[in-house]
Structure formats: C-alpha cells, structure tokens
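# Report on the structure
Chain residues, written in single-letter form:
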Amino acid sequence: MLLSDKYAPKTLDDVVGNATSIQRLRLFGLDAQKGLVGRPLIVCGPSGVGKTCAVNALANTFGFETLELNASDYRDSETLRRTLLPAGNTNNLFKKKVLIILDEIDELSNKFDSGAERVITEMAKKSKQPVIFIANDFWDRKITFLREIAEKCEFKKLGVDEISRTLRRILSAQGEEMPDDLINEISLKSSGDLSGAINDLELMMGADPQLRENLGYRSRKVEIFGVLDKIFQTNSFATARAAAQDADVDLSMLINWIEENVPNRYATKKGRYDAMENLSSASKYLESASRTGHYDYLKYSSIFASAGVSLSGGGDFSMLKQYSFPANIRFLSHTKKSRNEMRTIISKLVYKIHAGKQNVSNTYITMFKLMIQRAGQEEGMEKVYDFFESKYSLEKGEVDAIASSKKY
Ligand SMILES: Nc1ncnc2c1ncn2[C@@H]1O[C@H](COP(=O)(O)OP(=O)(O)O)[C@@H](O)[C@H]1O
Ligand SMILES: [Mg+2]
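Residues numbered from 1 in each chain as written. Chains lettered and ligands numbered in written order. Predicted model: local features only at pLDDT ≥ 70, side-chain atom pairs only at ≥ 80, totals over all residues.

Turning to the environment of Gly48, a few remarks are in order. Structurally, Gly48 can be placed in the loop between strand 1 (41-44) and helix 3 (51-62). Owing to 23 C-beta atoms within 10 Å, Gly48 belongs among the buried residues under this scheme. Taking C-alpha positions, Gly48 is 4.7 Å from Asp193, a pair spaced 145 residues apart along the chain. (Helix = DSSP H or I, 4+ residues; strand = E, 2+ residues; numbered from the N terminus. Buried ≥ 20, exposed ≤ 12 C-beta atoms within 10 Å, placed from the backbone.)

Pasting the structure below:
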C-alpha cells in the first residue's frame, strides 16, 4: 500500500491546511446531516492538495455513503442519467445520506456529449442528496455551466511548513528517519503538492542519496506509478500503448522502471519470462534507433515495453508489493539550470514543430539528440548548428544541451 493511501486523512480534522475551506466543508456536512441540502459545492484547486481525500473525509466524518463518479463512468448522458438522477432522488429518512461526488469534472467533461450538461444541471438542482463537484480549474470553460449552480470552495497549494510537518509525522509513524535537509528539500520542491511530496518521501526512504536530483521532477499529472499501474493491469494493447505515450519519462527510463517491477507484479513464471522477453525486444529497438538513426524503431521499442509487457501478464498480476525504484538508472536533467534550459528549448520546438510539449519532450528531443550525434560525426558540428539554427531557431548552446541531455 502506498504511503499516500495509508496516511490519507480519515476525518476532516486530519486534512492539512486550507482551514477556511475545510470549515466550509464541515458546515456543508452538518447541514446535509440535518437534511438541509443546498447548492452543491465545487471544490477546486491544483492537484495533490487533498481535494479528493477531503471530500471523502467529509463523508467519513458524517457517516455518509458516497456515490463517486470518475472518468470511466462518463461515457454518455444516458448512463449519467441512469446513475445520477435516481441517486439524487432517494430520500429515505432512515437510510444514510449519500454524498454524490463528481471528481475531476473538468477532465471528464472532455467526454460529455451535449446532453450531459443538462443531466448534471438537473441533478444538481433537484437532488435531495448532497452533491460535491471536484475540479482542478474553476475557470475551465468546459465547466462554465457549473459556476452558476455550485458554490466555489477553493483549495490552495500547501505551504512548505505544512508539507514538511506532514512528512515528519508520516516518517515517525513509520518508525523511519531521514535527514532534516532532505525532508526540507522534498517539501520545497513539491511546490505545494502534498501528494507528490509523500510519493517523493516514499521513493527517498532508503534510496541512494544520488536520487535526490530527481525530487519534484516527476510530473504531477501522470506519475510513473500511474503509468506502471496501467501497464501492469491492463489487457488492452491500446491502453498500454497510450500509457507509455503519455508518460512523462523517457523510454529508457520507462524500460528500467518496468523491468525493475515485473517481479513485483507478475506472479507466474511465464508472465515474468514473457514480460522480460518483450523488454529485451524494447531495449534492442531502442539501441537500434540510436545506432542506425531509424527513429521509427523508437515506436516499436515503446510498444514492446508497454503493450508487450501488458499482454504478457495474462491478467495475472498482484498489486500487493510496493513499486521499487530502479537502482541503476541515470536520470534526466540533473541541475536546475539544465532543466530550465531544456524547458526553453521545448517551448521553442513546440512552436516550430506544432507538436505538444509532451510529444516534443518525449520523442523529438530523443530524436534530435540522435540526429545531432550522427550528423555531427558525419558532417561536422558546424553544419549541425547551422541546420538547427535555420530550421528551429535553436542556438549553438541549445543544440549542445540537447546533445548532452540525459535522455539516454
Ligand atoms: N491536505 C491534505 N491533508 C492530508 N493529506 C493530503 C492532503 N493533500 C494530499 N494528501 C495526501 O495525498 C493523497 C492524494 O491527495 P488527493 O486528495 O488525491 O489530492 P487532489 O484530489 O487534490 O489531487 C491523499 O490520499 C493524502 O494521502
Ligand atoms: Mg483528486
């Protein structure tokens, strides 16, 4: 079990920070308990500050049942209608209240058909049960319709002190120790995301001090654990492939993570063996891409590492053990300076290539690095600099930065 699950707040008192909003949640709960169901709340704020866990803690505090909807429940308005309207309509005095939670509503709305807005509005207005929406961005245009029917309850980033205090509490509950300066560094680099900080804490417990350089690096959106979960759990080619594509880590790093964790997830010998075979193909293609300059090989590599591994499990996986941190990897972007420089390069390329940031940073940078190495050897660096200058407006220093990036 992950530390962030183990130490998730049980009641509202356990939620760290955002006191005013927690107080608002408490009043909402008290009202609902008395049968006063008013306007829904829309809990909003950046990720990892405790929105989801606070709403669940609210249900727990007041003994409400919950009906929690997420991405996969939102296929069409008809399904929504069938789930939500009856739930909001029941009002049995002797039964527990049901808190209706629509989490990450701003992301789910990508999938809404036009009827869904109407169903949600109708439910929100008529429901006899308390309703809470959760969103990252209150101002997202896709949820404009919610702003009129729900009351804003904002969560802000947590303070460094709030985060470090929480980390210390978890450490002592675990009976573990960690140097003060490391705790402070994790807290600082989490930029207000407690969930990310707890995950970093978990990674650093007992880990090689060298890994410090990666703190705060992991994307807050698609964390490596989430990507691994998808790859190990799914039986679908497309889901696995997409998980690898969305991953905010480069391919060689992803292969390392998967390799390290195959034995933690796949219980059968056959599953492990097949997964390793697929990984070895993935490595071969990665190596070929780098050697021959045929960048299509990267695609195959990614597919073997993701879908190949997924389909090896045969549905037989265990989620009991924690993920372990690959011991032997070299990480990206070692210093703050090079990370910033990379960010500038990526934004230039996004503009020039018309590709998404993720795509540029995962695919193009790797590709360019290989191109620079090869062309540099064959044609000389002057030509390479000229080419990147004229085609992508990259300066000499930036080309060098790509060439020496730690992508692999
Ligand atoms: N304010 C907080 N108080 C206590 N724990 C928190 C808080 N914020 C995050 N956490 C921890 O991080 C985990 C994930 O937080 P979550 O509620 O999913 O954040 P969000 O929904 O805002 O992205 C929780 O299970 C909990 O362990
Ligand atoms: Mg959440």
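Read on, since the account is not over.
As a further point, take the nonpolar core. Within the largest apolar cluster, 52 residues are counted, with the highest numbers of intra-cluster contacts made by Ile42, Val43, Ala54, Val55, Ile132, Phe133 and Ile134. Counting contributing residues, this core receives three or more from each of domain 1 (3-154) and domain 2 (159-218). (Core = buried A, V, L, I, M, F, W, Y, C linked by C-beta atoms within 7 Å. Domains from an automatic or database assignment.)

With that settled, consider the site of ligand 1. Around ligand 1 lies a shell of 18 residues, among which Ala8, Gly50, Thr52, Cys53 and Ser195 are the nearest. Of all elements in the fold, only helix 1 (3-6), helix 3 and helix 10 (194-204) reach the threshold of two or more residues within the shell around ligand 1. Within the shell around ligand 1, the residues separate by chemical class into 9 nonpolar, 7 polar and 2 charged. Here the shell around ligand 1 spans two domains, since at least three of its residues come from each of domain 1 (3-154) and domain 2 (159-218). (Near = placed C-beta within 6 Å. Nonpolar A, V, L, I, M, F, W, Y, C, P; charged D, E, K, R; others polar.)

This paragraph deals with helix 19 (residues 396-403). Buried within helix 19 are the following residues: Glu398, Val399, Ala401 and Ile402. End-on, the buried residues of helix 19 take up no more than an arc of 155°, which puts them together on one face. (Arc of directions from axis to C-beta.)

Further remarks concern the sheet that holds strand 5 (residues 151-154). Read from one edge to the other, the open sheet built from 5 strands follows the order 2-3-4-1-5, with strand pairing classed as parallel. The open sheet has two free edges, formed respectively by strand 2 (65-69) and strand 5, since each of these has just one partner strand. Each neighbouring strand pair of the sheet contributes to a mean axis angle of 25°, computed without reference to strand direction. Bridge count for strand 1 against strand 5 is 4 bridges, and the pairing is parallel. In the strand pairing of strand 5, Leu41 is matched with Glu151. Running over the sheet, helix 3 touches strand 1, strand 2, strand 3 (98-102) and strand 4 (131-135) and is turned about 165° from strand 4. Lying on the sheet, helix 4 (residues 77-89) is in contact with strand 2 and strand 3; it crosses strand 3 at an angle near 150°. (Pairing = 2+ DSSP bridges. Axes fitted to C-alpha atoms, helices over the stretch in contact; angles between N-to-C directions. Contact = placed C-beta atoms within 7 Å.)

Before going further, it helps to examine helix 13 (residues 251-265). In a regular helix each residue adds 1.5 Å, so 15 residues correspond to 21 Å; helix 13 covers 20 Å between its end C-alpha atoms and thus fits that length. Here helix 13 lies mainly inside the structure; 12 of its 15 residues are buried. Packed against the buried residues of helix 13 are helix 11 (224-233), helix 12 (237-246), helix 14 (269-292) and helix 15 (296-312). (Expected span 1.5 Å × (residues − 1).)

Inspection of the secondary structure puts Thr11 in the loop between helix 1 and helix 2 (19-33). The class of Thr11 is exposed, set by 12 C-beta atoms lying within 10 Å. Thr11 sits 43 residues away from Ala54 along the chain, and the two C-alpha atoms are 7.8 Å apart. When sequence neighbours within four positions are dropped, the list of residues in contact with Thr11 reads Ala57, Asn60 and Thr61.

Once that is clear, we can look at the confidence of the model for the protein chain. Summing up the model confidence of the protein chain, the mean pLDDT is 85 and the portion of residues at 70 or higher is 87%. Here residues 218-222 is a poorly scored stretch, pLDDT under 50, and it has 11 contacts once near neighbours within four places are set aside; other chains count. (pLDDT = per-residue confidence, 0-100.)

Right, let's talk about unusual backbone geometry for a bit. A positive phi angle, close to 35°, is found at Ser191, a residue other than glycine. By secondary structure assignment, the location of Ser191 is in the loop between helix 9 (180-189) and helix 10. On the basis of neighbour count, Ser191 is assigned to the partly exposed category, with 16 C-beta atoms found within 10 Å. If you check the backbone angles, Ser393 has positive phi at about 55° while not being a glycine.

When you line up the elements, Leu84 lands in helix 4. Along the backbone, Leu84 and Val119 are 35 residues apart, and their C-alpha atoms lie at a distance of 8.2 Å. Leu84 has contacts with Ile100, Val119 and Met123, leaving out every residue within four places of it along the chain.

Our focus in this paragraph is the packing of helix 13 against helix 14. Packed helices, taken two at a time, are described by their axes: the angle between them and the distance between them. In the contact formed by helix 13 and helix 14, the axes pass within 10 Å of each other and the chain directions differ by 165°. Between helix 13 and helix 14, the angle is such that the two are roughly antiparallel. In this structure, helix 13 crosses over helix 14, and the sense of that crossing is left-handed. Taking contact as the criterion, the partners of Leu251, Ser252, Ile255, Ile258, Glu259, Val262 and Pro263 in helix 13 are, on helix 14, Arg272, Ala275, Met276, Leu279, Ala282, Ser283 and Leu286. Of the residues that constitute the contact of helix 13 with helix 14, the class distribution is 10 nonpolar, 2 polar and 2 charged. (Parallel < 35°, antiparallel > 145°, perpendicular 65-115°, else oblique. Left-handed = near helix turned anticlockwise from the far one by under 90°.)

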